[in-house]
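# Topology and contacts: notes
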Amino acid sequence: MGPDVPARPLTTGSSASEFLEAILTAVVFALFVRTFLVQAFVVPTSSMEKTVLAGDHVVVNKFVFGPRAFAAWDGWLPRRTLRRGDVIVFKFPEDPRRDFVKRIVALPGDVVEIRDKVLSVNGRREAEPRAFHSEARVWPDDQELPEALRRRDQVPSFQVPGRSFFALGDNRDNSYDSRFWGAVPAGNLKGRPLFVYWSRPPAGPPRGGPIRWIADFFASTRWSRTLLPVR
C-alpha cells in the first residue's frame, strides 16, 4: 500500500466560491418553489370572511391549476381543473399588481344571475353554505341608485366568457368582485390557498422595543387559526 497523500488545505478562495455556490443554489431553489409550487399570501381585506379573515397568512398551491409544463411530475404534483366552489388567488384584472382572494361560482359558458342577493347559475338557484350577508337590506335594480349599490344585490343574466371564471367573496355585502368588474381571465389565476399558517388582525407598524414586539406578537396572534384548512 502506498503512502497516504496529504489532503490539500482548503484555500480562502475555494471556501468563498463554495459558499457563494451554496447561496446561489438556495436562491434558485427558493425562486423555483415560489414561481411554480407554493407561495405565501396575506389576506388584506374582510371580503372572504368567515372563510379567511383579514390578516390571515396562507400558503398558496400554485401548481394545482397550472399548465402541464412538467408532465413527468404529474404523479406527485397532482393537477386538476377549476371547479365551482374553489377558493382561489388571482391577479386583479383592473390592476394586476394587486392579488385578490375569492370563491369561484361560475365557469366558462355558465350563465350567472343575481336577484335580490340570490345567486343562480344556469337557471338553478345555488346553495351557498359558506356565503353570508351582513346586511338584510336589499337594493333594487334602480337606475337612480349608484352602480355599486345596484350591482351588490342585482346582477343581470351574464354568460361567463371562455377561459374565464366568475368569482365572488363569501362576505357578499362587503366584497369587491365579479359583480362589479366582470369575469376573471384564466391567465390571472395564481393558485389555491391550502391552509392558514399564521393569523393576526391587521395592525400598524410595531411600536416600542423588541420585548414589546414579542409580547404583541403572542397576544395578537389568532392561535386557533394556525394550520386551518381553507375550504
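None of these values were measured; they are calculated from a predicted model.

Bringing the sheet that holds strand β6 (residues 118-121) into the picture now. Taken together, four strands build an open sheet; the order of strands is β7-β6-β5-β8 and the sheet is antiparallel. Every interior strand has two partners, whereas the edge strands, β7 (124-125) and β8 (155-159), have only one. Two strands pair when backbone bridges link them, and strand β5 (residues 111-115) and β6 are joined in this way by four bridges, in the antiparallel orientation. Across the sheet, the residue bridging to E113 is S120, located in β6.

Between E49 and K50 the backbone carries a cis peptide bond, its omega angle lying at 15°. Along the polypeptide, K50 turns up in the loop between β1 (38-42) and β2 (56-61). At K117, a position not held by glycine, the phi torsion is positive, near 75°. If you trace the backbone, K117 turns up in the loop between β5 and β6. Note on K117: relative accessible area 11%, which makes it buried. Of note, L227 is a non-glycine position whose phi angle comes to about 65°, a positive value.

Let us now look at empty space enclosed by the protein. Applying the stated rule across the entire model yields one cavity of 30 Å³ or more. By volume, the largest cavity amounts to about 40 Å³. In this structure, the largest cavity is lined by I114, K117, L119, H133, R152, R172 and R179. Each residue belonging to the lining of the largest cavity can be placed in one class, and the counts come to two nonpolar, one polar and four charged.

Looking now at the pairing of strand β9 (residues 164-168). By the criterion of burial, β9 is predominantly enclosed, with five of the five residues buried. Burial of the side chains of β9 extends over both faces: S164, F166 and L168 are buried on one face and F165 and A167 on the other. Pairing of β9 with strand β10 (residues 184-185), which is carried by two bridges, proceeds in the antiparallel orientation. Across the sheet, the residue bridging to S164 is P185, located in β10.

Looking at the chain as a whole, the pLDDT averages 84, with 77% of positions reaching at least 70. Low pLDDT, under 50, characterises residues 27-36; the stretch is placed with ten contacts to residues that sit more than four places away or in other chains.

This brings us to the nonpolar core. Within the largest apolar cluster, 13 residues are counted, with the highest numbers of intra-cluster contacts made by I88, F90, F165, W181 and V184. Sorting the residues of this core by element identifies β3 (87-91), β4 (99-106) and β9 as the ones contributing at least two each. Contacts of F165, omitting those with residues within four sequence positions, involve L82, I88, F90, I104, A106, V160, S178, A183, V184, P185, A186 and L189.

A few words now on the packing of aromatic side chains. Per the counting criterion, the structure on display carries 14 aromatic pairs. Consider the rings of W198 and F217, whose centres lie 5.3 Å apart with planes at 25°: the pair is stacked. Pair noted here: W198 is in strand β11 (residues 189-199) and F217 is in helix α4 (residues 210-220), with a separation of 19 residues, a long-range link. What links up through ring pairs into an aromatic cluster is the set F90, F92, F100, F165, Y176, F180 and W181. Over the ring of F132 we find K50; its NZ or CZ atom is 5.0 Å from the centre of that ring. A cation over an aromatic ring shows up here: R137 above the ring of W139, its NZ or CZ 3.7 Å from the ring centre.

On to the side chain of S175, then. Looking at the secondary structure, you find S175 in the loop between β9 and α3 (178-181). Polar side-chain contacts of S175 include one of 3.0 Å to the side chain of K102. There is a polar contact of 3.3 Å between the side chain of S175 and the backbone nitrogen of G169. Excluding anything up to four places from it in sequence, S175 contacts S47, K102, G169 and F180.

Reading the values: rules and limits
- Residues numbered from 1 in each chain as written.
- Predicted model: local features only at pLDDT ≥ 70, side-chain atom pairs only at ≥ 80, totals over all residues.
- Heavy atoms only, no water.
- Pairing = 2+ DSSP bridges.
- Helix = DSSP H or I, 4+ residues; strand = E, 2+ residues; numbered from the N terminus.
- Buried < 20%, exposed > 50% of the residue type's maximum accessible area, 1.4 Å probe, protein only.
- 1 Å grid on protein atoms, 1.4 Å probe; cavity = no way out; pocket = protein on both sides within 12 Å on 5 of 7 lines; lining within 4 Å.
- Points joined across faces, edges and corners; volume = space filled by probe spheres on them.
- Nonpolar A, V, L, I, M, F, W, Y, C, P; charged D, E, K, R; others polar.
- pLDDT = per-residue confidence, 0-100.
- Contact = heavy atoms within 4.5 Å.
- Core = buried A, V, L, I, M, F, W, Y, C linked by side-chain atoms within 4.5 Å.
- Phe/Tyr/Trp six-rings, centres within 6.5 Å; stacked < 30°, edge-to-face > 60°.
- Lys NZ or Arg CZ within 6 Å of the ring centre and 35° of its normal.
- Polar contact = N/O pair within 3.5 Å; in protein donor to acceptor, adjacent residues only side chain to side chain.

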